[in-house]
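Here are the chains, one letter per residue:
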Amino acid sequence: MSDPNPYADDSYKWGPPQPPGNPPTMPDGQGYGYPAPGATPAYGYPQPLPDSAAQPGPGYGCPGPGGQPTQPGFNLPVQYGGTGGVPMLSFGDITVMNDGIVTPSGTMPLKGAVWTATDMSRTEEKIPTVGIVLAIVFALFCLIGLLFLLMKEKHTTGFIQVTVTSAGRHHSTMIPATGPETFQMVMSQVNTARSMSA
């Protein structure tokens with residue numbers, strides 16, 4: 001190994017001998033991947049509008065004039081703001097309209113829907129840090145400082161799960177619990193949705 005890098009001269013030394021290559025040439029100053037000046041663009045380039053088109057039509061996914069898209073599997077039109085049902089209730093990403101249930105997975109019929117709510121929250125009660133500090137400070141002066149240990153602080157964590165099943169479709173959402181009364185508020189809305197679904 002007298003040469004520190006035997007491949008430093010960039011010569012091809014392995015396999016059968018190769019003919020010398022030439023770099024690719026581009027006619028008329030054309031760059032790689034771009035059409036030649038004055039030539040029609042190839043596939044993948046924006047095509048000019050035909051002469052019969054006065055202006056471009058609606059964008060991809062938007063209905064044309066007077067058209068309403070439908071969800072696959074159901075012949076219910078997608079509700080846009082102000083064009084269809086009226087929103088009555090909302091549970092996270094589930095919206096109950098006066099004629100259907102709109103979820104991210106599609107629109108479901110309101111009649112015959114089954115609603116369930118599960119409380120997955122918990123409320124902890126503990127002595128706050130300020131109560132412990134005040135109890136220690138005032139315990140040195142008099143025993144009245146021990147009354148600060150009676151201070152309690154409630155903290156609720158977790159979620160309320162709301163599930164709806166209708167026409168063979170199923171969707172659930174999680175609503176964050178902000179206090180011990182959150183489950184009662186959600187249950188009153190679920191009971192309203194149940195009466196609308198009957």
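None of the values given here were measured: they were computed from a predicted structure.

## Some details on the overall build of the protein
Regarding its fold elements, the protein presents 2 helices and 7 strands. Shown N-terminal to C-terminal, the secondary structure of the protein runs as helices and strands in the order β-β-β-β-β-α-β-β-α. A total of 198 residues make up the protein; the buried ones form 20% of that total. The contacts in the protein between residues at least 6 apart in sequence include a share of 52% that link residues at least 24 apart. About 14500 Å² of surface is accessible on the protein, with carbon and sulfur atoms providing 62% of the total.

## Structural notes on a nonpolar patch on the surface
A contiguous nonpolar surface patch, about 480 Å² in accessible area, is contributed by Ile132, Ile136, Leu143, Leu146 and Leu149. By relative accessible area, Leu143 is classed as exposed at 68%.

## Observations regarding the sheet that holds strand E1 (residues 87-91)
Strand order in the open sheet formed by 4 strands is E1-E2-E3-E4, and the pairing between neighbours is antiparallel. Edge positions in the open sheet fall to E1 and strand E4 (106-109), since each of these has one partner strand only. Each neighbouring strand pair of the sheet contributes to a mean axis angle of 20 degrees, computed without reference to strand direction. The sheet contacts of helix H2 (residues 182-197) involve E1 and strand E2 (94-97), and relative to E1 the element is tilted by about 135 degrees.

## As for the sheet that holds strand E5 (residues 114-126)
Strand order in this open sheet of 3 strands is E5-E6-E7, and the pairing throughout is antiparallel. In this open sheet, the two strands that pair with only one neighbour each are E5 and strand E7 (169-176). Averaged over neighbouring strand pairs, the angle between their axes works out to 10 degrees when direction is ignored. Sheet analysis places E5 next to strand E6 (residues 153-166), joined by 13 bridges and oriented antiparallel. Bridge assignment links Trp115 to a residue of E6, and that residue is Val164.

## Some points on unusual backbone geometry
Positive phi values are uncommon outside glycine, yet Ala167 reaches one of about 55 degrees. Mapped onto the secondary structure, Ala167 falls in the loop between E6 and E7.

## Side note on the environment of Val130
Structurally, Val130 is set in helix H1 (residues 129-141). Take Val130: its relative accessible area is 47%, and that puts it in the partly exposed class. Separated by 18 residues in sequence, Val130 and Phe148 place their C-alpha atoms 8.8 Å apart.

## Here we look at the side chain of Gln161
In this fold, Gln161 is placed in strand E6. Among residues more than four places away in sequence, those in contact with Gln161 are Thr116, Ala117, Thr118, Met120, Ser172, Thr173 and Met174.

## Points about the confidence of the model for the protein
On average, residues of the protein score 74 in pLDDT, and 58% of them reach the 70 mark or higher. Averaged over each element, pLDDT in the protein is lowest for H1 (83) and highest for E7 (92).

Conventions we followed
- Every chain begins its residue count from 1, and numbering advances along the sequence as written.
- Residue-level local features of this predicted model are given only where pLDDT is at least 70; pairs of side-chain atoms are given and counted only at 80 or more, and the full residue set underlies all totals for whole chains, interfaces and linings.
- To get the side-chain values, all heavy atoms of the structure are used, and hydrogens and water are removed first.
- Helix and strand labels come from DSSP, where a helix needs a run of H or I of at least four residues and a strand needs a run of E of at least two; each type is numbered from the N terminus.
- With a 1.4 Å probe rolled over the protein chains alone, any residue whose accessible area is under 20% of its type maximum counts as buried; one over 50% counts as exposed, and the rest are partly exposed.
- By definition in these notes, contact holds between two residues if any of their heavy atoms fall within 4.5 Å.
- Here the Shrake-Rupley method, with its probe set to 1.4 Å, supplies the accessible areas, and only the displayed protein chains count as covering residues.
- To count toward a patch, a residue needs a relative accessible area above 30% and no salt bridge. Like charges then connect within 9 Å, nonpolar side chains (Val, Leu, Ile, Met, Phe, Trp, Tyr) within 5 Å.
- Here, a salt bridge means any Lys or Arg side-chain nitrogen found within 4 Å of an Asp or Glu carboxyl oxygen.
- Think of it this way: DSSP has to see at least two bridges between two strands before they count as a pair.
- Axis angles are defined between N-to-C directions and span 0 to 180 degrees, where every axis is a line fitted to C-alpha atoms and, for a helix, only to the segment in contact.
- pLDDT is a residue-level measure of predictor confidence that goes from 0 to 100.

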